[in-house]
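Here are the chains, one letter per residue:
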Protein chains: 2
Amino acid sequence: MARPGTEELRRRNRAALLEQLHRHGPQTRAELTEALGLNRSTIATIAADLAESGHIQETTGRSTGSAGRPSTLVACVPKAESVAAVEIRADRVRFALYGLGGEVLERAETPLLTGVEASAAAAAAAALVEGAGAEAVAAVPGLVDAGEVAHSTELGWAGSDVAADLADATGREWLVVDTATAAAVGEWTRGDAFEATKLLYLHGGRGVTAGLVVEGRSQRGGSIQLGHIVVEPNGQECACGLRGCLEAEMEAFGYAEDIERATMAAGMGDASAKDGLRRSGQDLGRALGAVVTATGPDEILFGGWLRELYLSAAAPVRSALAETTLPHLRSRLRLRTPVLGQEGPLIGAAETGFAALFDRMR
Amino acid sequence: MARPGTEELRRRNRAALLEQLHRHGPQTRAELTEALGLNRSTIATIAADLAESGHIQETTGRSTGSAGRPSTLVACVPKAESVAAVEIRADRVRFALYGLGGEVLERAETPLLTGVEASAAAAAAAALVEGAGAEAVAAVPGLVDAGEVAHSTELGWAGSDVAADLADATGREWLVVDTATAAAVGEWTRGDAFEATKLLYLHGGRGVTAGLVVEGRSQRGGSIQLGHIVVEPNGQECACGLRGCLEAEMEAFGYAEDIERATMAAGMGDASAKDGLRRSGQDLGRALGAVVTATGPDEILFGGWLRELYLSAAAPVRSALAETTLPHLRSRLRLRTPVLGQEGPLIGAAETGFAALFDRMR
DNA sequence: AGTATTTGTTGTTGACTGCAACATATGACG
DNA sequence: CGTCATATGTTGCAGTCAACAACAAATACT
């Protein structure tokens, strides 16, 4: 009875096969053999195992055009495992249940009164989730550290133990990640940023945060308060108590979530709007410069309203960045906008949950 | 013949046992059983295996004072595996050969002419190493990325492929890490910073760099050019082409490696020296603020001449840090000085090599 | 001196993966 | 349309591994 020994191998291989299908879609057994580096017979054993437990479904292979016996196609069953993802925002809580392979099984949302406490948001999330999914993950905009939200400009929270609140409200464990990091994971796994080894996602909501993801995986401390990088020593007073934070300096220009109006005004030739955008872009570039020097990403995505800011003020962002980062760090840097839009944080939260699920299976 | 399958288990367990001995010193088989979570009999098998290959030595157990048969003591054999560590500095190349368990087997150094090219430094390193050790690791002060030194203020290099130069000169593979990261690894593994989950080591040489280590392991992009964080927009011109870099601003105060003179002068009441230290500390604190916000460490070590700066200007460093980081990030932060001194980078480089060696054994 | 306790040793067992031989299903070719 | 080449699934077997249990050994305690 060698359980923790040899059976660990089986568990690892099971998890690897399922993860492969989850991430890269239906594949033939031959492709799986290649991808996992295992023997044909081993794949057969594991596939039979997973088929019996209902995780995968095999369909008799169709001809591929080339010679040889066609390989059987293997696909994961969406409902076999699912992850409940929740995004907590200032105005509402969004929920989606993702099945294996990334399919959306359910979707819902609840409006939230502004200025809501963490426990109330947790209650709203609990009502939406109702025990669905093997893992539950919440994305919260702010500085997240070990389940706690240390600071959130958007929600006005500080030191809220959201993981505990959610656990109390639902009677289960929760993972908590920050929205920017979640979105980064989403763009890497389901967007087109999978080539980036170090991906920095900027999230512009009521606050400005950033998330760093290395090879697609979030990591402890990847939650970055970009909005509280000091860009102007002795600058504007910020709600956080510091002076000259990026958020405070930007707020002085009078917009934030109201970026559309500003870009429109600038487009119509409004000089003060133009100048505001330019200076915002410059401040953002400076803050980014420090973060880039400190973390060395190779791709930066501008999400939320920063997307609009970047699209209409790319030049000042780039030039401020150029003035504050070494050539080498700059040269390998790609600046882009995300492709998943609103869904990014939810998808990324779900993928974080799936990663945990696969890890737990091993 | 199930090689890549079940034999992988054996390899993993062998490596785990050896790593345990390397990191925590001689232990009894009973302790190893506890630490690795394996069965007594399994430990016995693996120990016999490693004893035959000469990696460990078992000595009959002595009484521990408590009841029961005394457990046999197991120790790793230093010469069984070794790592060659080299530190390249502006004035010399230092070399030490470390055996399993961290023992120093050899030590040597070669003076270097100032303004030396990367290839010449590589040749000097090659002569010192001469095929010794299973792994060879070089610590270089600067921005290291995938074996290349993108920027080094101290050495005056930019875009030097040191890994390739070393490989050419020695006919073997080299790992290249930056000096600050190496020192961080050293302080974590052999110093007293093992409690830190995110350790930031500041290295003051001719340039100012930093290294980030998460749970004792260096990571891609952990090499931080702290000296090129811009602390003064439109400030002093820096050799790197930017303006207002920390290095350039500090250099304006006239010291760098000559910190002893400055602290002494300040101690004697020299007002301008005092002011220089204060302003240097302030600039350092500001740059640190950005790095802390971006990376969220829980411990910072001031190494090289920054040690002296910190010891004599802790107040301005702390207050500037307080003005540029959120309370939560600051509250869990411990500021300290390293304990390994000059040996830190070499020890850390060696430990990086041992980590690679153990990974390769698996 | 005898008992309790802890640990090393040995033979056995259940499990896993890889291999090789065979069976099966397709395309290519005459 | 039949044969051959090719690629893949299937099956029985072999080699390896870690856990377990029973036994032996070595110590402390009474």
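Residues numbered from 1 in each chain as written. Chains lettered and ligands numbered in written order. Predicted model: local features only at pLDDT ≥ 70, side-chain atom pairs only at ≥ 80, totals over all residues. Heavy atoms only, no water.

Enquirer: I would appreciate a short explanation of unusual backbone geometry in the present structure.
Expert: Leaving glycine aside, a negative phi is the common case for residues, and trans is the common case for peptide bonds. All names here are of chain A. Phi at Glu-130 takes a positive value of approximately 45 degrees, unusual for a residue other than glycine. Within the secondary structure, Glu-130 is located in the loop between helix H4 (118-129) and strand S7 (135-140). Located in the positive-phi region is Asn-234, a residue other than glycine, with phi close to 60 degrees. Along the chain, Asn-234 turns up in the loop between strand S13 (217-224) and helix H7 (246-251). (Helix = DSSP H or I, 4+ residues; strand = E, 2+ residues; numbered from the N terminus.)

Enquirer: What exactly am I supposed to notice about the interface of chain A and chain B here?
Expert: Interfaces are often sized by the amount of accessible area the parts lose when they come together. Taken together, the contact between chain A and chain B spans 38 residues of the former and 38 residues of the latter. Counting the contacts that link chain A with chain B gives 4 salt bridges. Between Arg12(A) and Glu8(B) there is a salt bridge whose closest N-O contact spans 3.2 Å. Put simply, the parts of the chain that give the side of chain A that touches chain B at least two residues each are helix H1 (3-24), strand S8 (143-145), strand S9 (148-151), S13, helix H9 (271-295), helix H11 (314-324) and helix H12 (327-331) of chain A. Among the elements that take part in the side of chain A that touches chain B, H9(A) stands out by supplying 6 residues, more than any other. Residue composition of the side of chain A that touches chain B, grouped by class: 16 nonpolar, 13 polar and 9 charged. (Contact = heavy atoms within 4.5 Å. Salt bridge = Lys/Arg side-chain N within 4 Å of Asp/Glu carboxyl O. Nonpolar A, V, L, I, M, F, W, Y, C, P; charged D, E, K, R; others polar.)

Enquirer: Looking at this model, I keep getting lost on the domain arrangement of chain A. Mind explaining?
Expert: All names here are of chain A. For chain A, the domain assignment lists domain 1 (3-76), domain 2 (81-184 + 349-361) and domain 3 (193-338). When each unit is reduced to the centre of its C-alpha atoms, the spacing between domain 2 and domain 3 is 25 Å. Every contact between the two is made by 18 residues of domain 2 and, on the other side, 20 residues of domain 3. Taking both partners together, domain 2 and domain 3 bury about 1500 Å²; carbon and sulfur atoms supply 57% of that area. On the domain 2 side of the contact with domain 3, Glu-154, Thr-181 and Ala-184 bury the most area, a combined 29% of that side's loss. The shortest N-O distance in the salt bridge between Asp-359 and Arg-217 comes to 3.1 Å. At the junction of domain 2 and domain 3, the tally comes to 8 residue pairs in polar contact (both at pLDDT 80 or more). Going through the elements one at a time, S8, helix H6 (179-189) and helix H13 (344-361) are the ones with two or more residues in the side of domain 2 that touches domain 3. By residue number, the principal contributor to the side of domain 2 that touches domain 3 is H6, which donates 5 residues. Across the side of domain 2 that touches domain 3, the residue classes tally to 8 nonpolar, 6 polar and 4 charged. (Domains from an automatic or database assignment. Buried area = accessible area lost by both parts, 1.4 Å probe. Polar contact = N/O pair within 3.5 Å; in protein donor to acceptor, adjacent residues only side chain to side chain.)

Enquirer: How should the sheet that holds strand S14 (residues 299-304) of chain A be read in this particular structure?
Expert: Each strand in a sheet pairs with another by means of backbone hydrogen bonds, the pair being arranged parallel or else antiparallel. Residues and elements named next belong to chain A. An order of S13-S12-S11-S14-S15 is seen for the 5 strands of this open sheet, with the pairing classed as mixed. Whereas interior strands pair on both sides, the edge strands pair on one side only; in this sheet they are S13 and strand S15 (334-336). Across the sheet, the mean angle separating the axes of adjacent strands is 20 degrees when strand polarity is ignored. Strand direction decides the pairing type here: strand S11 (residues 198-204) and strand S12 (residues 208-214), joined by 7 bridges, are antiparallel. Opposite His-203, over in S12, you have Thr-209 as the bridge partner. The strands touched by H6 are S11, S12, S13 and S14; relative to S12, the strand with the most contacts, the crossing angle is about 45 degrees. (Pairing = 2+ DSSP bridges. Axes fitted to C-alpha atoms, helices over the stretch in contact; angles between N-to-C directions.)

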